[in-house]
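Residue strings, one per chain:
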Amino acid sequence: MLEIKNLKAVVENKEILKGLTLSIKPGEIHAIMGPNGSGKSTLSNILSGKKGYEISGEIQFENSNLLDLEIEERAHKGIFLAFQYPIEIPGVNTNNFLKTSLNSIRKARGQKELDAIEFLKLIKEKATQLNFDQKILSRQLNVGFSGGEKKKNEILQMSILDPKLAILDETDSGLDIDALKIVSEGVNKLKNGKNSFLIITHYQRLLNYIKPDYVHVLKDGKIIRTGNFDLAIELEKKGYQSL
Amino acid sequence: MREKQIENLKDYKYGFTTDIENIRAPKGLNEDVIKFISNIKKEPKWMLEWRLKAFKRLKNLKEPNWQKPKYPKINYQDLYYYSAPKSASEKPKSLDELDPKLLETYNKLGIPLQEQKRLNGIAVDAVFDSVSVATTFKEKLTKQGIIFCSISEAIQKYPDLVKKYIGSVIPITDHYFATLNSAVFTDGSFVYIPENVKCPMELSTYFRINASETGQFERTLIIADKGSYVSYLEGCTAPMRDENQLHAANVELVALENAEIKYSTVQNWYPGDKDGKGGIYNFVTKRGLCKGKNSKISWTQVETGSAITWKYPSCILQGDNSVGEFYSIAITNNHQKADTGTKMIHIGKNTKSKIISKGISAGFADNTYRGLVDIFPKAEKARNFTQCDSLLMGNKCGAHTIPYIKNRNADSKIEHEATTSKISEDQLYYCQQRGLNSEDAISLIVNGFCKEVLQQLPMEFAVEAQKLVSISLEGSVG
């Protein structure tokens, strides 16, 4: 599904990624762990198409060269990024935003756009499934949301948009244990064997709830080790210094 | 219709012209032209005298020049002050008699006048250049004693009401453009809501400038008698022309005891082309008088058109406990300029005012909020809340906020908040990651920014206004 080969990224004359290679197959869950400044967020930004990086290397997503695509075209192809810091947009109703978002993607894929009633039905179903309070949907997008609410909102958006590849950028940061459980249960419910997840995190604790197939350690712009869940446990005990 | 022009309408879809035979006053501004206008409208003598008095006064006045947007000197002798479709010179008795070309024009503008196609729940007065060509739902309104007609008709049929109130809010001596309007005004709407009547439908006037080298001097007068309510909306469009055309309107509102007037404007005059050529000079005087106790006047404006918008819809809060509100969205793109805001004059006790202004600048545009809050010594416990937000798109445009506050009563309370922001890269990125293209993302963010004002509009127009907001900013993403 996703093939990253020798990816290098420079921002303001500083090389952040220094030749990263990663392959994700359909249905797999990959976790990327690493210390601060190792390039984790840069990776998620580049995958979703954020501007401002000088990039070399290759990224193949399904049958397209991802680096040729605009941000929204990548979203249309099924890439979703759950933001580490979801952005506030004052005056924009969360429900409307989600509907606009879903219909933009459906339209780009040549699918019928949902009308208000169909959409409400879908969102009600998803919110119930994820055990989320629907009240946040009638509020302005992320405005005045608590850290937990913002992250839950990201997961709800993810479930509505039903991506092929979901990237979770430090979704666990700033969450208390209850919110962490709800968020990770949400992710587990969305798994269907075809969609893939790339989970970026500092800590092992999220991985206790979302069991990854592979754990990669990103340090200094490169993946320096790959293993299974045991690697995450080892890191938690010994820290990144040991590597 | 001129096919070629219609093809070029991608940016401003109302830019077509209607080929229609006109009756015009001779070019220029002088007593004879004023007499011509008064005569063709069959006005009573007092009206002509009033106009001539204003004209006499005008000779001693100078055009103001304190505004931020400057413009080349207007040659007032080189304009036509009256232009009307020949077919409308005798106002048709019914719509069946209306020139099909006019019907077609309004259909194209999305304002059907024919009985079967009319907008539900909205009565329309259609003003074409210098005359009102049709007013819908008249009979239905008449049953409740509501008068909704052109000001020309009102001057003939209801002279006492007109005489009593015209110039009572904007005196003929007020300032250059208001005085000019008083001398040469051609048409506009007149509304009277009798005591304790809640007007059952939205009243609206649709102003269309068609003829070239013509100024439009509309005059609107709305009177809400004791305990009554009315919601009124005006819309404006004009053809695309290389010349700048002057629109200098006067709008007067009078709310008596316990009455409420809600006045909404969706202004979409031709803004000029991308290089700033052509477009309307929209120099308008709008003022409302909360004359009686507990009265309320609320202005809502969505200003997206015009080369220059220069206006301050204001409230004189004379009655105790009266309320004035001003909700504004001013969007300037390309080379458009706006200097707009409001004046809230607190005279009575316990008077309250609220100002919410949203200015958006893109391209090379310049947008100024200018407002006055004036609390008189006897306006005990007066309150004002002002919020001015500016949004900048790109780095070649400007936004300015100039609030004047005069407070002569220690008991009063005035709050002012102002923000200036840019659409952040992060907001765009977030929206695009969710599948929206950049144009849609900007439209969503801007509509969110304007929401407080948009939701003040009558529902029928809110959707239209939202679209207009998006269209006005199309192509502004760099």
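Heads up: these notes are all about the structure in this document. (Residues numbered from 1 in each chain as written. Chains lettered and ligands numbered in written order. Predicted model: local features only at pLDDT ≥ 70, side-chain atom pairs only at ≥ 80, totals over all residues.)

### Some remarks on unusual backbone geometry
Residues and elements named next belong to chain B. Worth spelling out the cut-off: Each helix is a run of DSSP H or I of at least 4 residues and each strand a run of E of at least 2, with the numbering of both proceeding from the N terminus. In this scheme the burial state of a residue depends on its C-beta neighbours within 10 Å: 20 or more other such atoms mean buried, 12 or fewer mean exposed, and anything in between means partly exposed; the C-beta positions come from the backbone.
Here the phi dihedral of Lys 42 falls at roughly 55°; this positive angle occurs in a residue that is not glycine. One can find Lys 42 in the loop between helix 2 (31-40) and helix 3 (45-58). The backbone of Asn 350 shows a phi angle near 55°, a positive value even though the residue is not glycine. Along the polypeptide, Asn 350 turns up in the loop between strand 19 (343-346) and strand 20 (352-361). Assessed through the 19 C-beta atoms surrounding it within 10 Å, Asn 350 is described here as partly exposed.

### Some points on the interface of chain A and chain B
Quick reminder of the rule: Any two residues are considered in contact once their C-beta atoms, placed from the backbone, lie within 7 Å. Nonpolar residues are Ala, Val, Leu, Ile, Met, Phe, Trp, Tyr, Cys and Pro. Charged residues are Asp, Glu, Lys and Arg, and all others, Gly as well, are polar.
Counting from both sides, the interface comprises 19 residues of chain A and, opposite them, 16 residues of chain B. Broken down by secondary-structure element, the contributors of at least two residues to the side of chain A that touches chain B are helix 2 (71-77), strand 7 (89-93) and helix 3 (94-108) of chain A. In terms of residue count, the dominant contributor to the side of chain A that touches chain B is helix 3 of chain A (five residues). The residue inventory of the side of chain A that touches chain B, partitioned by class, reads 10 nonpolar, seven polar and two charged.

### What to know about helix 3 of chain B
Residues and elements named next belong to chain B. Convention followed: To estimate how far a helix should extend, the number of its residues minus one is multiplied by 1.5 Å. In this description, the arc belongs to the directions extending from the helix axis to the C-beta atoms.
For helix 3, spanning 14 residues, the distance from its first C-alpha to its last is 20 Å, which sits close to the expected 20 Å at 1.5 Å a residue. Taken as a whole, helix 3 has its buried residues at Trp 50, Arg 51, Ala 54, Phe 55 and Leu 58. Down the axis of helix 3, the buried set is contained in an arc of 135°. They therefore lie on one face. What points out from helix 3, more than 90 degrees from its buried face, is the exposed set Lys 45, Trp 46 and Glu 49. Elements in contact with the buried residues of helix 3: helix 2 and helix 8 (176-184).

### Points about the pairing of strand 18 (residues 337-340) of chain B
All names here are of chain B. Let me state the cut-off plainly: Any two strands with at least two DSSP-identified bridges between them are counted as paired.
Burial of the side chains of strand 18 extends over both faces: Lys 337 and Asp 339 are buried on one face and Ala 338 and Thr 340 on the other. As paired strands, strand 15 (residues 308-311) and strand 18 are joined by four bridges and run parallel to one another. When the sheet's bridge partners are listed, Ile 308 is paired in strand 18 with Lys 337. With four bridges connecting them, strand 18 and strand 21 (residues 366-375) associate as parallel partners. Bridged to Asp 339 within strand 21 is Thr 368.

### Comments concerning the packing of helix 9 (residues 425-433) of chain B against helix 10 (residues 438-449) of chain B
Residues and elements named next belong to chain B. Rules: All axes here are fitted lines through C-alpha atoms, helices being fitted over the stretch that makes contact, and every angle between N-to-C directions spans 0 to 180 degrees. Oblique is the label for any angle not covered by the other classes, which are roughly parallel (under 35 degrees), roughly antiparallel (over 145) and roughly perpendicular (65 to 115). The sense of a crossing depends on the near helix, which, turned anticlockwise from the far helix by less than a right angle, makes the crossing left-handed and, turned clockwise, makes it right-handed.
Here helix 9 crosses helix 10 at 120°, and the two axes come no closer than 9 Å. In terms of orientation, helix 9 lies oblique with respect to helix 10. Considering how the two elements wind past one another, helix 9 and helix 10 form a crossing that is right-handed. Seen from helix 9, the contacting residues are Gln 427, Leu 428, Cys 431 and Gln 432; seen from helix 10, they are Ser 438, Ala 441, Leu 444 and Ile 445.

### Section: the environment of Gly 448 of chain B
As for its position among the elements, Gly 448 of chain B is in helix 10. Take Gly 448 of chain B: there are 21 C-beta atoms within 10 Å of it, and that puts it in the buried class. With 18 residues separating them along the chain, Gly 448 of chain B and Gln 466 of chain B place their C-alpha atoms 9.9 Å apart. Ignoring anything within four residues of it in the chain, the contact list for Gly 448 of chain B reads Ile 89, Pro 90, Gly 91 and Val 92 of chain A.

### Considering the sheet that holds strand 2 (residues 14-24) of chain A
All names here are of chain A. As summarised here, the arrangement of the four strands in space is 2-1-4-5, forming an open sheet in which the pairing is antiparallel. Lying at the two open borders of the sheet, with one neighbouring strand each, are strand 2 and strand 5 (64-65). Pairing between strand 1 (residues 2-11) and strand 4 (residues 54-61): seven bridges, direction antiparallel. Bridge pairing in strand 4 places Ala 9 opposite Ile 55. Each of strand 1, strand 2 and strand 4 touches helix 1 (residues 40-48); the most contacted strand, strand 2, lies at about 70° to it.

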